[in-house]
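Results of the structural survey
Each chain, written out:
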Amino acid sequence: MKRFYVFKDGRMEGSTATRERAIDMIRQYQKLETHPFLRSEFSMIEGEEEFIPYPSQQKPPRKKSGMER
């Protein structure tokens, strides 16, 4: 799934499904800025979101020792 990640001063603030929504999010944050000299720097990165499942909790079968009795 493609996502757009929004960053404010190098810190991730959120992610959206479309570029337009990411720009809207940035504009909302920019409206909250109060002082022109202390404005934050915003950026966004387009990326692919991938979920990595946990490995199976089952124990692997034990190997028999090399020596036979």
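As a starting point, this report considers the structure included with it. (Residues numbered from 1 in each chain as written. Predicted model: local features only at pLDDT ≥ 70, side-chain atom pairs only at ≥ 80, totals over all residues. Heavy atoms only, no water.)

1. Overview of the nonpolar core
- Counting six residues, the largest nonpolar core is built from Phe4, Val6, Ala22, Met25, Ile26 and Phe42.
- Contributing elements (two or more residues each) for this core: β1 (2-8) and α1 (19-31).
- Setting aside chain neighbours within four positions, we find valine 6 in contact with Arg11, Met12, Glu13, Gly14, Ala22, Met25, Ile26, Ser43 and Met44. (Core = buried A, V, L, I, M, F, W, Y, C linked by side-chain atoms within 4.5 Å. Buried < 20%, exposed > 50% of the residue type's maximum accessible area, 1.4 Å probe, protein only. Helix = DSSP H or I, 4+ residues; strand = E, 2+ residues; numbered from the N terminus. Contact = heavy atoms within 4.5 Å.)

2. Let's talk about the side chain of serine 40
- Mapped onto the elements of the fold, serine 40 is located in the loop between α1 and β3 (42-48).
- A polar contact is formed between the side chain of serine 40 and the side chain of aspartate 9, at a distance of 3.2 Å.
- There is a polar contact of 3.3 Å between the side chain of serine 40 and the side chain of glutamate 33.
- Excluding residues that lie within four positions of it along the chain, serine 40 makes contacts with Lys8, Asp9 and Glu33. (Polar contact = N/O pair within 3.5 Å; in protein donor to acceptor, adjacent residues only side chain to side chain.)

3. With respect to the sheet that holds strand β2 (residues 11-16)
- Sheet architecture is open: three strands sit in the order β2-β1-β3, paired in antiparallel fashion. Taken across any chain shown, the strands that pair with only one partner, and hence form the sheet edges, are β2 and β3. When the angles between neighbouring strand axes are averaged without regard to direction, this sheet yields 30 degrees.
- Note: β1 against β2, five bridges, orientation antiparallel. The partner of tyrosine 5 across the bridge, within β2, is serine 15.
- Where α1 meets the sheet, its contacts fall on β1, β2 and β3, and the angle it forms with β3 comes to roughly 155 degrees. (Pairing = 2+ DSSP bridges. Axes fitted to C-alpha atoms, helices over the stretch in contact; angles between N-to-C directions.)

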